[in-house]
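# Results of the structural survey
Next come the chains, spelled out residue by residue.
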Amino acid sequence: MTKPVPTLTLNDGHTIPQLGFGVFKVDPPATTRIVTDALEVGYRHIDTAAAYGNEAGVGDALANSGIDRAELFVTTKLYNDRQGTQSAFDAFDESLEKLGLDYVDLYLIHWPSPAQDRYVESWKALEQIQASGRARSIGVSNFLVPHLKRLFGETDVVPAVNQIELHPAHQQPEVTAFSRAHGIQVEAWGPLGQGKYPLFEATAVAVAAEAHGATPAQVIIRWHLQTGNIVFPKSNRRERMAENFDVLGFELSPSEVAAISALERAGRVGGDPNTVE
Ligand code: NAD
């Protein structure tokens, strides 16, 4: 029997499946088919964002699936151009409507966008959205230590998660340790380095893959799960969705985890949170 996906507990008491499916760059017209495939493969945690333009397709797949809402975990995000108070409320309403849901499990500020200097105001709006019950949990994405410190100083609720670029070549040890020390779970975006960074060919990954009869992608996803990250790799291809989900039947040894952790190269593949607008 397949093992269940592990869950982690958030600082607000809700639980989150540690393995999910992300839909960044999933073409809107193809989204319903792709998310339907992911749900059929077994994923129950879907990570989308207003900026991806595919919330309606995600919502159609969820509605058509017949899966009980309580079994699903759905995340979406407030984009930079809607930061503020009323604009965040409106953007949230639009996201819920597109998703066809009456609540999301997790709502995130997508980027701090420091040049706007509105993330503290936006966070206060998310606090109100959470209080209304329409987002069970609230969190941030791409927040660095100074951004988190400002929230701690000026607002009431500690984010439940911080979703950051994180893979063996770019582990962001400072923000990861700081988040965890304050009870914030770490979500790893670009967990496979978006296929841009040559992680699959790294010796530590290849050796572990050979030892466990696994693929390099499976080894990297295991490394995330065993180092405590929440992870939602993306693929448009059903066989890869299944491959990325089939990671619960083996375990890396501590030395294999350490060898993969040693691949750190400050090898960012995405934008710099200080400057992405
Ligand atoms: P990822 O690391 O999951 O890489 C996806 C790419 O890896 C695929 O397009 C494919 O080319 C390749 N791939 C996937 N499975 C494979 C396999 N088994 N074998 C070989 N190649 C494989 O990158 P991602 O999609 O950017 O990140 C995952 C999710 O994180 C996104 O879909 C999105 O939900 C989220 N995300 C969030 C932010 C943010 O700013 N908060 C930014 C980027 C992504």
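Everything that follows concerns the structure shown earlier in this document.
Described below are features of the structure shown in this document. (Residues numbered from 1 in each chain as written. Predicted model: local features only at pLDDT ≥ 70, side-chain atom pairs only at ≥ 80, totals over all residues. Heavy atoms only, no water.)

## Description of the side chain of H45
- Note that H45 resides in strand β4 (residues 45-47).
- For H45, a relative accessible area of 0% gives the class buried.
- Among the polar contacts listed, one links the side chain of H45 to the backbone oxygen of P17, at a separation of 2.9 Å.
- The residues contacting H45, other than those within four sequence positions of it, are I16, P17, L19, G20, F21, F73, T75, E187, I230 and F232. (Helix = DSSP H or I, 4+ residues; strand = E, 2+ residues; numbered from the N terminus. Buried < 20%, exposed > 50% of the residue type's maximum accessible area, 1.4 Å probe, protein only. Polar contact = N/O pair within 3.5 Å; in protein donor to acceptor, adjacent residues only side chain to side chain. Contact = heavy atoms within 4.5 Å.)

## Considering the site of the ligand
- Of all residues adjacent to the ligand, which total 25 residues, the nearest are D47, S141, L192, Q194 and N244.
- For the ligand, an oxygen atom lies 3.4 Å from a polar atom in the side chain of H110.
- Taking L192, its main chain carries an N or O atom lying 2.7 Å from an oxygen atom of the ligand.
- Contact with the protein chains removes 89% of the 820 Å² of surface that the ligand exposes when unbound.
- Counting residues per element, the shell around the ligand draws most heavily on helix α9 (residues 238-245), which supplies 3 residues.
- Its residues assigned to classes, the shell around the ligand comprises 11 nonpolar, 10 polar and 4 charged. (Near = heavy atom within 4 Å. Areas by Shrake-Rupley, 256 points an atom, 1.4 Å probe, with all protein chains shown as cover. Nonpolar A, V, L, I, M, F, W, Y, C, P; charged D, E, K, R; others polar.)

## Looking at the pattern of salt bridges
- Summed over the entire model, instances satisfying the criterion amount to 12 salt bridges.
- Residue D93 pairs with R134 through a salt bridge whose shortest N-O separation is 2.8 Å. With D93 in helix α3 (residues 86-99) and R134 in the loop between α4 (119-131) and β7 (135-141), this pair connects stretches of sequence that are 41 residues apart.
- D117 is the partner of R150 in a salt bridge, and the nearest nitrogen-oxygen pair spans 2.7 Å. Within this pair, whereas R150 is found in helix α5 (residues 145-154), its partner D117 is found in the loop between β6 (104-109) and α4, the two being separated by 33 residues in sequence.
- In this structure D117 comes out as partly exposed when scored by relative accessible area, which is 47%. (Salt bridge = Lys/Arg side-chain N within 4 Å of Asp/Glu carboxyl O.)

## Things to note about the environment of L192
- Tracing the backbone through its elements, the reader meets L192 in the loop between β9 (185-189) and α7 (203-212).
- Overall, the relative accessible area of 13% leaves L192 in the buried class.
- Here the alpha-carbon distance between L192 and T32, two residues 160 residues apart in the chain, equals 23 Å.
- Excluding residues that lie within four positions of it along the chain, L192 makes contacts with L199, F200, A217, I220, I221, P233 and N244.

## Digging into the packing of aromatic side chains
- Under the counting rule described, the total for this entry stands at 7 aromatic pairs.
- Plain terms: the ring middles of Y119 and F143 are 5.3 Å apart, the flat faces sit at 75° to each other, and that makes the pair edge-to-face. Residue Y119 is located in helix α4, and its partner F143 is located in the loop between β7 and α5; the two are separated by 24 residues in the primary sequence.
- Classification of Y119 by relative accessible area gives buried; the value is 4%.
- Ring centres of F152 and F178 lie 5.9 Å apart, and the angle between their planes is 20°; on these two criteria the pair is classed as stacked. Highlighted residues: F152 in helix α5 and F178 in helix α6 (residues 173-181), separated in sequence by 26 residues.
- Taking the relative accessible area as the measure of exposure, F152 reaches 26% and is therefore partly exposed.
- By the ring-pair criterion, three or more aromatic residues cluster together here, those being F21, Y43 and F245.
- R136 extends its terminal NZ or CZ atom over the ring of Y103, reaching a point 3.9 Å from the ring centre. (Phe/Tyr/Trp six-rings, centres within 6.5 Å; stacked < 30°, edge-to-face > 60°. Lys NZ or Arg CZ within 6 Å of the ring centre and 35° of its normal.)

By themselves, these figures tell us nothing about what the structure is for.
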